[in-house]
Number of protein chains: 2
Amino acid sequence: MNETNHAFLLSDRPEGEPDRDDFDLIEREVPDPGPGEAVVRTLFLSVDPYMRGRMDAGESYADPWAVGEPLQGAVVGEVVAESGTGLEEGAVVAGPGEWAEYVAVSGHRLQPVDPDVAPISTSLGVLGMPGRTAYFGVREIAKPRAGDTVVVTGAAGAVGSAAGQIAALQGANVVGFAGSDRKVEVVEEEFGFDAGINYATTDDYAGAIDEVAPDGVDVYFDNVGGPITDAVFSRLALDARVAVCGQISQYNAEEAPTGPRKLGTLIEKRASVEGFLVSDFQPRFEEATRTISAWVESGVLQYRETVVEDIENAPDAFLGLFSGENVGKQLVRVGERER
Amino acid sequence: MNETNHAFLLSDRPEGEPDRDDFDLIEREVPDPGPGEAVVRTLFLSVDPYMRGRMDAGESYADPWAVGEPLQGAVVGEVVAESGTGLEEGAVVAGPGEWAEYVAVSGHRLQPVDPDVAPISTSLGVLGMPGRTAYFGVREIAKPRAGDTVVVTGAAGAVGSAAGQIAALQGANVVGFAGSDRKVEVVEEEFGFDAGINYATTDDYAGAIDEVAPDGVDVYFDNVGGPITDAVFSRLALDARVAVCGQISQYNAEEAPTGPRKLGTLIEKRASVEGFLVSDFQPRFEEATRTISAWVESGVLQYRETVVEDIENAPDAFLGLFSGENVGKQLVRVGERER
């Protein structure tokens, strides 16, 4: 077994935009498994926008990270030691881990991952939390109908890319906002959106929507918030539905964001807006994984991953989420499979 | 028949806050009824916040008023002449009229009003559009459950006062925001809200909510928007529902209101926000009127009216809606019944 175990601690709570100094790389011992635990060697580490909220002290739906303590997050890895878990050494598992090369986890919190079904990294992406978020957000909250115009923000990201495709499976026309020409191309060519809008090269978001969706927006799947969301609100169609999935543009705001002053639009359009969390759908995760797996296998659902190499670069991978560095699911490769 | 017929025209489209000069009082002839029409002598004229939108040129759910043309609005009055409508002279009717002493209306657009059931003015208030708005908004959109904490803004107004009481009928604890100590007293004593908050004497709306609703807000019936709504959003409870009925604080804004930046709250609280228009419930108006009438007769539902005398003062009655002059439904008495 490798002797070193690099891990990141939260060194500081950021005000506004976090930076590299908020993360502290340490070396600590590889843990031994306690009773019922497995020691997992991290292969891929997931970094996700929601983690920004865990850097703050306030209670939210995810517990705050503690200053001076390891950063928690989902990992996929290989069992290297265990004590009474029934897991075999070398088994690939996914579950709650840390930003670390090795972590000890209760056996019952680990899900087996079959490397023959799909690349193991997908258990953190299209077959994991982001894919399930898109699945339930589209099917249970946004509920697009055939012929609806659906706008998705963060369309090149892990959740948005799946959300748009799942909406298209319901027969909707899908428009995606993304932050570069390269991303727009991926959104249109690989993910099959009907149209992509590069928000980085226009200030007139509403005008851009008008060009591709002259009859307005029936469903809005919002991952970003801010001025793009303001523009989409101004273009909602009658009986529109808005699924609020994420608000990444606001997570680093130093001031509390402005209030929801544009609700008058909702009256005029009899529109509804609903926030949701994928964790509320836990009892149906198996259904989601089964369905999404079938879509991925048959090629109906495309996904992309952006992999940063080496645990040392995990903070950069995380920070890159806010500057839009990633296409699809952002991962950190921490190790290689040994067998 | 009276020879004069005073009427108001829209003289100008206001930018921001409207003023008295935007209304032009003229004298014109009393109309003769065309075929199928009745001439109604206005007894009460309704002024409502939504009319602010009709002063603007843009299309909305209500058609814009035309500059130089009479102001349209609901009236209750007496039939003084008719041609083939089947209505009797002297019958009391409610329907679409104008800010005028006499108006010719198609017979089929007029509803008979029975003066023995309730004061005829209530057909513009608790038994009319405002009462129905509260009825459907609470029962079909906000859907409070027993034990829920419901916050109502504009609680002393025509819609808010009814909405809070209808929510209380479902077993909810009801908190109302109003703009003076006098209004808060009416809200608590007459309308039976569990608590009233005077927003004019505090800036800390969220703190005021915490005092009376420490477990948060399950249902928010929003008539006003703006900073109070921002504060309520910060206090939404899990699975909260927001019914967006009106946004009166924003109607006179010269700049388009800021976008809905606080949607992150909806994610954390899995909350939903829905706009609605009472006109969509037209097929069920009879049900609403029947139910509300029974509540009013049995004393379960209280209402208040603020009556301004004389058509000349109609613009002041209207403008007073935005400075909070009224308690309950704001009416203009244009004439007295003659028989």
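Keep in mind that this is a model prediction, so the values were computed, not measured.

What to know about the overall build of chain A
Looking only at helices and strands, chain A features nine helices and 15 strands. Taken over C-alpha atoms, the radius of gyration comes to 20 Å for chain A, in line with the 20 Å a tight globule of 339 residues would show. For chain A, the spread of C-alpha atoms along the three principal axes comes to 60 × 45 × 35 Å. For chain A, with 339 residues in total, the buried portion stands at 56%. Relative to all contacts within chain A whose residues are 6 or more apart in sequence, the contacts with residues 24 or more apart total 68%. For chain A, the exposed surface amounts to about 14,000 Å²; the carbon and sulfur share of it is 43%.

Re the UniProt feature "domain: Enoyl reductase (ER)" (unreviewed entry) in chain A
According to UniProt, the feature "domain: Enoyl reductase (ER)" (unreviewed entry) maps to residues 19–332 of chain A in the numbering used here. Counting secondary structure, residues 19–332 of chain A comes out at 27% helix and 26% strand; the distance between its end C-alpha atoms is 17 Å.

Some thoughts on the interface of chain B and chain A
With 35 residues of chain B at the contact, the number on the chain A side is 35 residues. Interface area for chain B against chain A, summed over the two sides, is near 3,000 Å², with a carbon-plus-sulfur share of 61%. On the chain B side of the contact with chain A, Arg261, Ile267 and Arg270 of chain B bury the most area, a combined 25% of that side's loss. Counting across the interface, chain B meets chain A through two salt bridges. Among the ionic pairs, aspartate 280 of chain B bridges to arginine 270 of chain A, the shortest N-O distance being 2.6 Å. Here chain B and chain A share five residue pairs in polar contact (both at pLDDT 80 or more) between them. Among the elements of the structure, helix H6 (226–233), helix H7 (264–269) and strand S13 (272–275) of chain B are those that each provide at least two residues to the side of chain B that touches chain A. Here the side of chain B that touches chain A takes five residues from H6 of chain B, the largest share from any one element. Grouping the amino acids of the side of chain B that touches chain A by side-chain chemistry returns 14 nonpolar, 12 polar and nine charged.

Focus: the relation of the copies chain B and chain A
The pair of chain copies shares a relation made of a rotation about an axis and a shift along it. Rotating chain B by 180° about the axis while translating it 0.0 Å along that axis superimposes it on chain A, leaving an RMSD of 0.0 Å. Between the two chains, the operation in question is that of a two-fold axis. The position closest to the rotation axis in chain B is occupied by the C-alpha of proline 260 of chain B, lying 1.8 Å away.

Considering the pairing of strand S4 (residues 72–82) of chain A
Residue and element names in this part refer to chain A. S4 sits mainly inside the fold: eight of its 11 residues count as buried. Where strand S3 (residues 37–46) and S4 come together, seven bridges link them in antiparallel fashion. Paired with valine 40 across the two strands is valine 79, which belongs to S4. Bridge analysis of S4 against strand S5 (residues 92–98) gives seven bridges, and the strand direction is antiparallel. Across the sheet, residue glycine 73 finds its bridge partner in S5, namely glycine 97.

Quick notes on the rules
- Residues numbered from 1 in each chain as written.
- Chains lettered and ligands numbered in written order.
- Predicted model: local features only at pLDDT ≥ 70, side-chain atom pairs only at ≥ 80, totals over all residues.
- Heavy atoms only, no water.
- Helix = DSSP H or I, 4+ residues; strand = E, 2+ residues; numbered from the N terminus.
- Rg over C-alpha atoms; globule rule 2.2 N^0.38 Å.
- Buried < 20%, exposed > 50% of the residue type's maximum accessible area, 1.4 Å probe, protein only.
- Contact = heavy atoms within 4.5 Å.
- Areas by Shrake-Rupley, 256 points an atom, 1.4 Å probe, with all protein chains shown as cover.
- UniProt positions renumbered as here; feature names shortened; annotations may be inferred.
- Buried area = accessible area lost by both parts, 1.4 Å probe.
- Salt bridge = Lys/Arg side-chain N within 4 Å of Asp/Glu carboxyl O.
- Polar contact = N/O pair within 3.5 Å; in protein donor to acceptor, adjacent residues only side chain to side chain.
- Nonpolar A, V, L, I, M, F, W, Y, C, P; charged D, E, K, R; others polar.
- Least-squares fit on C-alpha atoms with pLDDT ≥ 70 in both.
- Pairing = 2+ DSSP bridges.

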